[in-house]
Amino acid sequence: MAVNKRENERRKRKEEKNKKRNKTLWVLIIIAVAVIVIMKVSEVDFSGLLVGVKNQTDISEKVSDEAFPYKLDSGDKTILSVMGSKLSILNDLSYSVINSSSAQELIKDNHSYANPVIRVSGGYSVIIDQGSNVYRLDSSSENIYENSVDGKILCADVSDTGVIALATVSGIQKSTVTAYSKSLNQKMSYEVSGGYITSLAIDDRGRNVAFTVLSSDNAKIKSTIYTMSVNDPQPKSEFTYTNSSVLDLHFVSNNVYVVGTDFVSVISSLTKEVKVYEQGSINTVSYYFNPADNLVIAFNDYTGAASSKIAYIQQNGKIKTQLDVNAEVKDITASGTEMTILTSSEVISYKISTGKETSRAAVDDSYTDIQQVSSKVFGKHLSYLELIND
């Protein structure tokens, strides 16, 4: 019995010793594995991992940037316009509206207009088939309607509320101005005799219109501008310019910018003219109305001059900013804070309030048009729309 008892105790001590040794062994194994892992981790180039993360970010940004250049349709006479933060693209084959960040197509339509002309205000555009009788109203994301009228359409404009003003031919040497609400209710109709309407504007609220009637007097070109409310039976005022053509009319509040081939004026409160540049004092090269509806213009002393001037003109007719450019300007655009010009070799941006240069990018002479959306400047380059200042 004593022998068995000693044997059992010896066996028990041996088992406990083995358990302790095994436990110690597992601890050592765990520690060894941990050391190996630490050593392996210490060999990892964490900067490489961070580079990998950065590269992924770069790739993401690159994918976003790769939205541009955007391939334009092969049609001719491409017209670029800004609709809020979006870009509209019209040519003789199609009409598109794209997101200015992603180039996502919000509208993509093939049209059958022989001579499409577009006007944009806020989030709306009106496209006419000039010389035909059809037109369409679009928002920045969809076509609202397409309609036809009796006479041939000369020109049109659209308000921020979707009210459309149309000028049509109505008989020999007569034109009619008609305004329609977004639901196609007629708001006004006024007939003009003695000439054809060549430019037309409606204010942001759709309450006032201005239009230019082109005629001749003693073999001289005469441009007469009429201003009126859509609720009035007759115009409020008229202004006549002899031997000068009116290129465009544009409302800012109750005032109207008048951009001529060789002059600029502002018609204040529809009744009083403020002359900014007198007739014959400039040669208009390019002009643009920024998101606040204020005018920026590029002009020179004569056609083909090697240098130009650009100016920012306030709605009261005061010249806020004017500066000289030692190049011929091909196009001009603007945001709320900058005005940007295209020359044969550069795209240059200036602070709109002071004329201080803010950026400059090299381009070649094949760039033809530019548009600015906030701080982004886009350019038409052959068959592509490119983001220039990225």
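Owing to the predicted nature of the structure, the values given are computational and were not obtained by experimental measurement.

Before going further, it helps to examine the overall build of the protein. Across its full length, the protein holds 2 helices and 32 strands. Residues classed as buried in the protein amount to 45% of the 390 residues present. When contacts within the protein are restricted to residue pairs at least 6 apart in sequence, those whose partners lie at least 24 apart make up 37%. As displayed, the protein has an accessible area near 20,100 Å², and 50% of this comes from carbon and sulfur atoms.

Here we take up the packing of aromatic side chains. Inspection of the entire model under this criterion finds 8 aromatic pairs. Between Phe 211 and Tyr 226, the ring centres sit 5.5 Å apart and the planes meet at 25 degrees, which makes this aromatic pair stacked. Note that Phe 211 is positioned in strand β15 (residues 208–217) and Tyr 226 in strand β16 (residues 220–229), a separation of 15 residues in sequence. This pair shows no difference in class: Phe 211 is buried, exactly as Tyr 226 is. An angle of 40 degrees between the planes, with centres 5.8 Å apart, marks the rings of Tyr 257 and Phe 289 as tilted. You can see Tyr 257 sitting in strand β19 (residues 255–260) and its partner Phe 289 sitting in strand β22 (residues 283–289), a full 32 residues away along the chain. Exposure class is identical for Tyr 257 and Phe 289. Each is buried. Between the NZ or CZ atom of Lys 71 and the centre of the ring of Tyr 384, over which it lies, the distance is 5.7 Å.

If you trace the 4 strands from one edge of the open sheet to the other, you get β22-β23-β24-β25, paired in antiparallel fashion. For this open sheet the edge positions go to β22 and β25 (319–325), each flanked by a neighbour on one side alone. Neighbour-to-neighbour, the strand axes of the sheet open up by a mean angle of 15 degrees, direction not taken into account. Here 6 bridges tie strand β24 (residues 308–313) to β25, and the two strands are oriented antiparallel to one another. Bridging from a neighbouring strand, Lys 309 pairs with Asp 324 of β25.

Conventions and cut-offs
- Residues numbered from 1 in each chain as written.
- Predicted model: local features only at pLDDT ≥ 70, side-chain atom pairs only at ≥ 80, totals over all residues.
- Heavy atoms only, no water.
- Helix = DSSP H or I, 4+ residues; strand = E, 2+ residues; numbered from the N terminus.
- Buried < 20%, exposed > 50% of the residue type's maximum accessible area, 1.4 Å probe, protein only.
- Contact = heavy atoms within 4.5 Å.
- Areas by Shrake-Rupley, 256 points an atom, 1.4 Å probe, with all protein chains shown as cover.
- Phe/Tyr/Trp six-rings, centres within 6.5 Å; stacked < 30°, edge-to-face > 60°.
- Lys NZ or Arg CZ within 6 Å of the ring centre and 35° of its normal.
- Pairing = 2+ DSSP bridges.
- Axes fitted to C-alpha atoms, helices over the stretch in contact; angles between N-to-C directions.

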